[in-house]
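# Working through the structure, step by step
In case you want the letters, here they are:
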Amino acid sequence: MVFLGPPGAGKGTQAERLVAATGDAHLSTGDLLRAAVADGTALGVEAKRYMDAGELVPDEVVIGMIRERLESHDGGFLLDGFPRSVPQAQALDELLDSLDSALCVVLLLDVGRDELIERLLARGRADDTPETVAKRLDVYLEQTEPLIGYYEARGLLARINGEQSVDEVFGEIEAAVSKAC
Ligand code: B4P
């Protein structure tokens, strides 16, 4: 399963609940990158420059991180915040093919720009400043939104109304997953 959606749509919030319900592994590229930053690894130092600027971390870095985890994992998984660009989606297709695996659903959390800005500024993480948030929303429109058509064409997309309470959003997600997976 994949969670797709703009920054602040609630991917991390809903992913935690979904893996608690399904027992699948939770792979969040945002969490993995923040852990690398906190550990001060070379990868973390490089990633921090992009994250602080509201840019995507280069595809090869993120793809390498996901490849390593998927190759050593047996069983279901939920990708939260990956893929975020067409090259990442193509790399994921190749990786899943090589593992003889496939996606059953791509869950798109739909939330409008004004609500996203309000949520992110209220969350207040280091990369939630007004300038970075505006940049991240623009980067989403340019680089990540094309994935909606990419997965719709493959019959994998489920649109979820993310502008409801956390419980209501989760109810829609559970219904979509039980239908598709
Ligand atoms: P992420 O860690 O993926 O974070 P996010 O998109 O900002 O937030 P998310 O959608 O998970 O929102 P949350 O549940 O927290 O990315 C951070 C950065 O890492 C990126 O900008 C990029 O630089 C880098 N990165 C990550 N993946 C990458 C990749 N694949 N390639 C390249 N770079 C990558 O929710 C937000 C807030 O809303 C919270 O405060 C929450 O409590 C609240 N909320 C959630 N649901 C709500 C609801 N229903 N109603 C009201 N509030 C709600």
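Just so it is clear, the model here is predicted, and its values are computed rather than measured.

## Focus on the packing of helix α1 (residues 11–22) against helix α9 (residues 166–180)
At a closest axis distance of 10 Å, the pairing of α1 and α9 adopts a crossing angle of 50°. In terms of their interaxial angle, α1 and α9 are classed as oblique. As for how α1 packs across α9, the hand of that crossing is right-handed. Of the residues in α9, those touching α1 at Thr13, Gln14, Arg17, Leu18 and Ala21 are Val166, Asp167, Val169, Phe170, Ile173, Glu174 and Val177. Tallied by class, residues from the contact of α1 with α9 come to seven nonpolar, two polar and three charged.

## Let's talk about the state of the cysteines
In the structure shown here, the tally under the stated rule is one disulfide. The disulfide that involves Cys104 links it to Cys181, with 2.0 Å between the sulfurs. Sign of the S-S torsion, about 85° for the bond between Cys104 and Cys181, identifies this disulfide as right-handed. Of this pair, Cys104 sits in the loop between α5 (86–98) and β4 (106–110) while Cys181 sits in the segment after α9; the two residues are 77 residues apart in sequence, bridging distant segments of the chain. Judged by relative accessible area, which is 29%, Cys104 ranks as partly exposed.

## Brief notes about the pairing of β4
Judged by how many residues are buried, β4 sits mostly within the fold: four of five residues are covered. Here strand β1 (residues 2–4) pairs with β4 via three bridges, running parallel. When the sheet's bridge partners are listed, Leu4 is paired in β4 with Leu108. Taken together, the five bridges between β4 and strand β5 (residues 157–161) define a ladder with parallel strand orientation. By the bridge assignment, Asp110 is partnered in β5 with Asn161.

## Structural notes on the site of the ligand
What surrounds the ligand is a group of 30 residues, the closest being Lys11, Thr13, Thr29, Arg123 and Arg136. At 3.4 Å, a side-chain N or O of Arg119 approaches a nitrogen atom of the ligand. Arg136 is positioned such that a nitrogen or oxygen atom in its side chain is 2.5 Å from an oxygen atom of the ligand. When the ligand sits alone it has 1000 Å² of accessible area, and the protein chains cover 85% of it. Given that more than half its atoms are within 2 Å of the pocket grid, the ligand belongs to the largest pocket. When residues of the shell around the ligand are traced back to their parent elements, those giving at least two are α1, α2 (29–39) and α6 (113–123). For the shell around the ligand, the leading source of residues is α2, giving four residues. Across the shell around the ligand, the residue classes tally to ten nonpolar, eleven polar and nine charged.

How each quantity is defined
- Residues numbered from 1 in each chain as written.
- Predicted model: local features only at pLDDT ≥ 70, side-chain atom pairs only at ≥ 80, totals over all residues.
- Heavy atoms only, no water.
- Axes fitted to C-alpha atoms, helices over the stretch in contact; angles between N-to-C directions.
- Helix = DSSP H or I, 4+ residues; strand = E, 2+ residues; numbered from the N terminus.
- Parallel < 35°, antiparallel > 145°, perpendicular 65-115°, else oblique.
- Left-handed = near helix turned anticlockwise from the far one by under 90°.
- Contact = heavy atoms within 4.5 Å.
- Nonpolar A, V, L, I, M, F, W, Y, C, P; charged D, E, K, R; others polar.
- Disulfide = S-S within 2.5 Å.
- Buried < 20%, exposed > 50% of the residue type's maximum accessible area, 1.4 Å probe, protein only.
- Pairing = 2+ DSSP bridges.
- Near = heavy atom within 4 Å.
- Polar contact = N/O pair within 3.5 Å; in protein donor to acceptor, adjacent residues only side chain to side chain.
- Areas by Shrake-Rupley, 256 points an atom, 1.4 Å probe, with all protein chains shown as cover.
- 1 Å grid on protein atoms, 1.4 Å probe; cavity = no way out; pocket = protein on both sides within 12 Å on 5 of 7 lines; lining within 4 Å.
- Sits in = over half its atoms within 2 Å of the grid points.

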